[in-house]
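Coordinates in review
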Amino acid sequence: GSSVMFLDEKALLFSDKASTLKKIIDQIQDRKDHAWKERLQPMLSNSVVGGINLQQLRETLAAPFTQSLTQQTPFWPMIAPVWQNKEIATLGITVQKELSLELIFEQKNDSEQTKQCLQGLLAMGQNILSQMKTAMKQSDRPWQPAEEAQFNHFEQFLKSSQVKQTANRVTFSSSISAD
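Residues numbered from 1 in each chain as written. Predicted model: local features only at pLDDT ≥ 70, side-chain atom pairs only at ≥ 80, totals over all residues. Heavy atoms only, no water.

**Let's talk about the overall build of the chain**
Looking only at helices and strands, one finds six helices and seven strands in the chain. The secondary structure elements of the chain, listed N-terminal to C-terminal, are β-β-α-α-β-α-α-β-β-α-α-β-β. A fraction of 56% describes how many contacts in the chain between residues 6 or more apart in sequence connect residues 24 or more apart. As displayed, the chain offers around 12100 Å² of accessible surface, 54% of which is attributable to carbon and sulfur atoms. (Helix = DSSP H or I, 4+ residues; strand = E, 2+ residues; numbered from the N terminus. Contact = heavy atoms within 4.5 Å. Areas by Shrake-Rupley, 256 points an atom, 1.4 Å probe, with all protein chains shown as cover.)

So this is what it looks like as structure tokens:
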């Protein structure tokens, strides 16, 4: 079943397998291996922090799911470097005057490829959004207020998005105002 462990008054770990939590506890207690602590450290000021073991996720989903996904997703080659090469991703979300998101991929190899992949996906999203905006302006159907608000939030999210690389760490960050 699912397991939850409270590390302190601000942090908890959640997993669908107790064995995963045991591995993390063992790594935290092993003073020589600080992998989780080091990966989560840049996120500690965020409201919500999470880590995703992508290697375990790939194993859990298995080849049939991944094979189906690659066949049904035309832009899979752009996503593949992140999916195939990364071990752990950390996610931080902060809600204050704005909603901020930070996603960090850290790996010994393939960091440049991950950065290029994320930059390509961001550019593709911005281009698609621009084309949608042009098409909607040329359409006979006017924007519904809710549609326009959602579109504006997504546009703000993409405009504020950044991809940065420092050594083996690739960071995707973005924010939108709470309005």
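**Focus on the nonpolar core**
Nonpolar side chains tend to gather and get buried jointly when the protein is soluble and globular. Val 82, Phe 105, Leu 118, Leu 122, Val 163 and Phe 172 are the most contacted members of the largest nonpolar core, which has 13 residues in total. Elements with a minimum of two residues in this core: α5 (111-138), α6 (145-160) and β7 (169-177). The element best represented in this core is α5, accounting for four residues. (Core = buried A, V, L, I, M, F, W, Y, C linked by side-chain atoms within 4.5 Å. Buried < 20%, exposed > 50% of the residue type's maximum accessible area, 1.4 Å probe, protein only.)

**Re the packing of aromatic side chains**
One pass over the structure, following the stated rule, counts three aromatic pairs. For the ring pair Phe 154 and Phe 157, a centre distance of 6.4 Å and an interplane angle of 15° mean the geometry is stacked. Residue Phe 154 and its partner Phe 157 are located together in helix α6, separated by three residues, close to a single helical turn. Both rings, one in Phe 157 and one in Phe 172, keep their centres 6.2 Å apart while their planes meet at 50°; by these two values the pair is tilted. With Phe 157 in helix α6 and Phe 172 in strand β7, this pair connects stretches of sequence that are 15 residues apart. (Phe/Tyr/Trp six-rings, centres within 6.5 Å; stacked < 30°, edge-to-face > 60°.)

**Digging into the pairing of strand β5 (residues 98-106)**
As paired elements, strand β4 (residues 88-95) and β5 share seven bridges and run antiparallel to each other. Within the sheet, the bridge partner assigned to Leu 91 lies in β5 and is Leu 103. Connecting β4 to the antiparallel partner β5 that follows it, the hairpin turn spans two residues. As paired elements, β5 and β7 share nine bridges and run antiparallel to each other. Across the sheet, residue Glu 106 finds its bridge partner in β7, namely Arg 169. (Pairing = 2+ DSSP bridges.)

**A look at a nonpolar patch on the surface**
Taken together, the side chains of Val 4, Phe 6, Leu 12 and Phe 14 present a nonpolar region at the surface, about 460 Å² in accessible area. If you list the elements that add at least two residues to the nonpolar patch, you get β1 (3-6) and β2 (12-15). In this fold, Leu 12 is placed in strand β2. Residue class for Leu 12 comes out partly exposed when judged on its relative accessible area of 46%. (Patch = residues over 30% accessible without salt bridge, like charges linked within 9 Å, V, L, I, M, F, W, Y side chains within 5 Å. Salt bridge = Lys/Arg side-chain N within 4 Å of Asp/Glu carboxyl O.)

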